[in-house]
Structures are given as structure tokens and as C-alpha cells.
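Residues per chain are reported as follows:
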Amino acid sequence: MIELSDKIWELAELGLIEFSSSKLLADELEKHGFKVERGIAGMPTAFVAAWGETKPVLGIMGEYDALPGLSQRREPRKTPVEPGKPGHGCGHNIHGTSGMAAAIAVKMAMEKYGLKGTVRFYGCPAEENFSGKVFMVRDGYFDDVDAALSHHPGSMNAATLKSCLAVSSAKFSFYGKASHAGGSPDQGRSALDAVELMNVGVNFLREHVIQDARIHYIVEKGGEQPNIVPAYARSWYYIRAPERDQLEYIYNWVLDIAKGAATMTRTELKHELIGGLHNLVPNRTIAELVVRNMREIGPPEWSDQEREFAEEIAKSITPEMKIEELRKSKRPGWEKLVDKLIDDEIPDPWGGGEVSHGSTDVGDVSWQTPTVEFTTATWVLGTPGHSWQGVAQSGVGLGHKSLIFAAKVMAGTAIDLLMGEDLIEKAKKEHGQRIGKREYRPPISVGVNPPLDIWSKPGE
Ligand SMILES: [Zn+2]
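Report follows, based on the coordinates. Predicted model, so just to flag it, every value in this text is computed and none were measured. (Residues numbered from 1 in each chain as written. Predicted model: local features only at pLDDT ≥ 70, side-chain atom pairs only at ≥ 80, totals over all residues. Heavy atoms only, no water.)

### A few points about the sheet that holds strand β5 (residues 147-154)
Stated precisely, the cut-off is as follows: Two strands qualify as a pair provided that DSSP identifies no fewer than 2 bridges between them. Under the DSSP-based scheme used, a helix requires at least four consecutive residues in state H or I and a strand at least two consecutive residues in state E, with every element numbered from the N terminus. Interaxial angles span 0 to 180 degrees and are taken between N-to-C directions of axes, which are lines fitted to C-alpha atoms, for helices over the stretch in contact. Note on contacts: a residue pair qualifies if any of its non-hydrogen atoms lie within 4.5 Å across the two residues.
The sheet built from six strands is open, its strands ordered β1-β2-β4-β3-β5-β12 with mixed pairing. If you trace the sheet from one side to the other, it starts and ends with β1 (35-38) and β12 (371-377), each paired once. Strand-to-strand twist in this sheet, taken as the mean axis angle between neighbours without regard to direction, amounts to 20 degrees. Where strand β3 (residues 57-63) and strand β4 (residues 118-124) come together, seven bridges link them in parallel fashion. Residue pairing for β4: G62 is matched across the bridge by G123. In this fold helix α7 (residues 284-297) packs onto β5 and β12, with an angle of close to 30 degrees to the strand it touches most, β12.

### Description of the side chain of R240
Worth spelling out the cut-off: Three exposure classes are used, based on accessible area relative to the maximum for each residue type with a 1.4 Å probe and protein chains only: buried under 20%, partly exposed in between, and exposed over 50%. We score Asp and Glu as negative and Lys and Arg as positive, and we do not count His or the chain ends. Should a side-chain nitrogen of Lys or Arg be within 4 Å of a carboxyl oxygen of Asp or Glu, the pair is scored as a salt bridge. Any pair of nitrogen or oxygen atoms within 3.5 Å is treated as a polar contact; in protein, a donor-acceptor pairing is required on top of that, and neighbouring residues in sequence qualify only through side-chain atoms on both sides.
You can see R240 is positioned in strand β9 (residues 232-241). Buried within the structure, R240 lacks any salt-bridge partner; E127 is the closest side chain of opposite charge, at an N-O distance of 8.1 Å. Within polar-contact distance, the side chain of R240 engages the side chain of H216 at 3.1 Å. Apart from the residues within four sequence positions on either side, R240 is in contact with L165, A166, V167, D212, A213, R214, H216, L247, H357, G358 and S359.

### Focus on the coordination of the zinc ion
Rule in force here: For Na, K and Ca the donor cutoff is 3.2 Å, while for all other metals N, O and S atoms must lie within 2.8 Å; water is not among the atoms, so some sites may look incomplete.
Protein ligation of the zinc ion involves C90 (SG), H92 (NE2) and H152 (NE2), the donor distances falling in the range 2.1 to 2.2 Å. As a motif over one chain, the donors of the zinc ion read C-x1-H-x59-H. Note that H92 is positioned in helix α3 (residues 92-113) and H152 in strand β5, a separation of 60 residues in sequence. A single burial state applies to H92 and to H152, both of which are buried.

### Here's the deal with the packing of aromatic side chains
Selection criterion: A pair of aromatic rings is counted whenever rings of Phe, Tyr or Trp (Trp by its six-membered ring) have centres within 6.5 Å, and the orientation is called stacked for planes under 30 degrees apart, edge-to-face for over 60 and tilted otherwise.
Counting across every chain of the model gives nine aromatic pairs. Aromatic pair F47 and Y64: ring centres 6.4 Å apart, planes at 10 degrees, arrangement stacked. Remark: Y64 occurs in the loop between β3 and α3 and F47 occurs in strand β2 (residues 47-51); sequence separation between them is 17 residues. Considered together, F47 and Y64 belong to a single accessibility category, that of buried residues.

### Section: a nonpolar patch on the surface
Spelled out, the test is: Any residue with relative accessible area above 30% and no salt bridge may belong to a patch, with like charges joined within 9 Å and the nonpolar Val, Leu, Ile, Met, Phe, Trp and Tyr side chains within 5 Å. Note that accessible areas follow from Shrake-Rupley with a 1.4 Å probe, and for residues the cover is restricted to the protein chains shown.
A cluster of nonpolar residues, M1, I2 and I404, forms a patch on the protein surface that exposes about 200 Å² of accessible area. Along the chain, M1 falls in the segment before α1 (2-11). For M1, a relative accessible area of 34% puts it in the partly exposed group.

### So, the pattern of salt bridges
As a working rule, side chains carrying opposite charge can pair if their charged atoms are close by. This structure, assessed with the given rule, holds 32 salt bridges. Salt-bridge contacts for E10 lead to R74; the nearest nitrogen and oxygen are separated by 3.1 Å. Of the two residues, E10 is situated in helix α1 and R74 in the loop between β3 and α3; the sequence distance between them amounts to 64 residues. Connected through salt bridges with shared partners, the residues R331, K340, D343, D344 and E345 form a single ionic network.

### Quick look at the pairing of β3
Basically, it comes down to this: Look down the strands so they point away from you; if the path from the first strand over the helix to the second goes clockwise, the crossover is right-handed.
Buried residues dominate β3, accounting for seven of its seven residues. Where burial is concerned, the two faces of β3 agree: the one with V57, G59, M61 and E63 and the one with L58, I60 and G62 are both buried. A crossover links β3 with its parallel partner β4, the connecting element being α3, and its sense is right-handed. Across four bridges, the pairing between β3 and β5 is parallel. When the sheet's bridge partners are listed, L58 is paired in β5 with A147.

### Observations regarding helix α8 (residues 304-315)
Operational definition: The span one expects for a helix is its residue count, reduced by one, times 1.5 Å. An arc is given here, and it is the one of the directions from the helix axis to the C-beta atoms.
Between its first and last C-alpha, α8 extends 17 Å over 12 residues, near the 16 Å set by a 1.5 Å rise per residue. Turning to α8, its buried residues number three or more, namely E306, F309, A310 and I313. Seen along its axis, α8 keeps its buried residues to an arc of 100 degrees; they face one direction. In α8, the exposed positions that point more than 90 degrees away from the buried face belong to D304, E308 and K315. Those residues of α8 that are buried are in contact with α11 (388-394) and α12 (397-419).

Written out as C-alpha cells, the structure reads:
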């Protein structure tokens, strides 16, 4: 398992092109007797591996995509393997492998003890950019799942009750008219002006959106060279909010601003909604079960060498950074962790009614079936997400032990769920109460497909 995780760490493949990483996991599952269906939901790197045919159906999810620009050696200081290349800054090499290991362990236990049910591993591509699970949910791959589990490396051993933000991802293209910027600017219509004015408008909008909303953008295309009035320019926006109706309200306002920018500059606007996610529906029943299993198994013990590595990493994290990361967690008694290197406690689930300000496509799964994504302490306390520190720690002993711990916790939880139908019923009842009258609508329309050519597509 550790070897597989390390291989995926070294491959560091980006979302939708994780060909070798997904193959490693799928092949391993096949070797262990799982029936593997590859290339599902329109993505060559998505797959589902199943063992068993009866109810209940337990889903375990795994991710394996890396992040651009985060190349990093297995060293406790910032040293890229190759500057600019991808790295596993979110530890998805562990995410995929811990889930796969758990699925295999569950299958072995089911065989040995004659447990009824089905265990499925979902190989989920592109969590970081194009939300593979949203397409898998839309195409019905989670329809009959009775409960779903997922593990994410982190700096705490935790199964929280927090939600996270729903998101819409959209591109705004403006079409103007090229002309000589010195000789005949009066003949030109600048698409870049429109992009800039839209951004200015959105930045003024910030004061008037709800506290938990997030809006961020980049300019993807801003012209060719300064002496040509840019005929084409494009920005890429993420808009986030706790609930999809709040998000849609803000999205429509941003769209109005974009239209205003086009009117102001006499350019034309085309907008394209390229992706979207739901907020997470927490589940106390399963979260408590995860915590119970964590306590039964016990957190890993770190060797002197691992502690030394952790101490070196900790030197690159300022006390201010650490305190903010801990405060943000809202974990009861977080102040006690300020002087701690690695989290070795297992707190009760916390954070009911709270929202964390990231997003994940696990959210869309959590609208279909009771779902929990828990974390295990893989990184020293205070490690920021998507950082070189995250990459380094995910590829060494700290990551390895956390991976094995997480796999055991997930397997234990899955077996508890399979053995006690009343637990699944309880989790489902809670799920129904939490969803209430809200209805799940896929955040992407039927015609939208995963952008498979994204890494090879030249700019317009
Ligand atoms: Zn992640």
C-alpha cells in the first residue's frame, strides 16, 4: 500500500490525466478479485471496482490528482524536483490508496466471515479542478449506495459535522475589435477593458454579499501585445456560498456586472458555466462511528526520524500561521494545540452548523447517500493546504503511517455499517432530516462534459 501511495506521489498527475495513477489502483483492486469498470462517466481515469452483489452497498471513494506547480522533494525545506511541475499538495496519493486498501480489507473480512453486501471503490478523478464525482453522480453511479466513506489527509484526526461551500466555476469571454492602439484606437473595442471593468464591479459587489461567500478570479487571456487593442479577453471565476440558492443569487449578480461591462465597452459577452459543486451534508451517525474506530485502533506512533522531519517542517510555519489554521478549525480547545507538533488526540465530532470555506465534490455524493469524509493527522499542525509542506509530508513516513491508520479506520467503519443494518437505517434517517425539503439538482447541465482536452487546449 505504501509503495502504491509513493508511486502515485512520484507520478503527480493532474486532474483528468491521472492515467497511470488510476491504473495502479484499478489493477490492484482487480488483482484482489474486484470487478472493475474503467472509463466511467465520460472520464478515462474514472472507475468503479465492486465486490459482492447484494445490499447493503457501501461506497468508498478515492482521489489521486495532483496540483500544478507544487513539485517538491521528500525534504523538509522547499526544494522542487522540477520547478513548475505538479506535486501532491493535497495528499491525494494517500487519499486514493487509503480508500483502496480499506476496500480490499473489507472484501477480505466479508469473505472470511460471510458478511452480506457489496463493497465498491470509486476511483474519482480531478477533485481539484473539474470535480469528477459530479459527473459520476449525474450519471447515476451513486444511486444505489447506502452509505459512503472517504478519507483525506490533514493535520487532525477528525470526523467533523461541518459543511463546506457550494461552488460554481464560470468563464467570461469578451469579444471586441482589434485596431492599432496608437494610430487608430478610436476604431478598436477592447475586450480587456471589459474584463477589467467586470472585475472592478465584482470587487465592489464584495461588500454586499453574505459573510461566508467567496468570489475569486484569474484573467486567462488579456490580449496579444500592447500596440493592438485586444479583440478577445477572458476571465475565469469561482463563486462560492454555503447553499446553492445563495450561490445562484450571487452568480446572477456577477453575470449582470459582466453584461454591464460589455455594455460599457461595446463588446460582446459570452459566458460558460463549466462546473459546479454542492455543499456537504454532514452525518453524525457515521462521524461518531469513525471516531469510535479511530479510538479503538489508536493513532500512529511516530519514530524519532519522523519527529525530526516534522520538527524541520514546523520551522517553516510561523506561529501566526499555525494559530490562524487552528483557530479556523473551530475545534473545541484548539488553543491547547498551539504548542503541539502533531495531533495525537481523537476529539469527538464537532462543528455542527459550521461551514469550512473550501469545497469538494464529496459534497455532491453527500446529497445522494449518508457520507463522511474524515481526516487523519498526516501533516504537522498548522500546515497550510496546497503547500510544498503538504507535498513533502505526504511522501514520507508521516504520510505512510497516516495512510495505514486511515485505511484501518475506514475498513472498521465500513464493516460496522455492513454488520449493523440498523446503523445504516439510522444514518439514512438522519440524512433525510438534514436534506429536508431541499432538492438535489445537478450543478452542471446535461450537455456539459468533463473537459478532457483541458491540458492540451490552446488559448482562443
Ligand atoms: Zn484534497
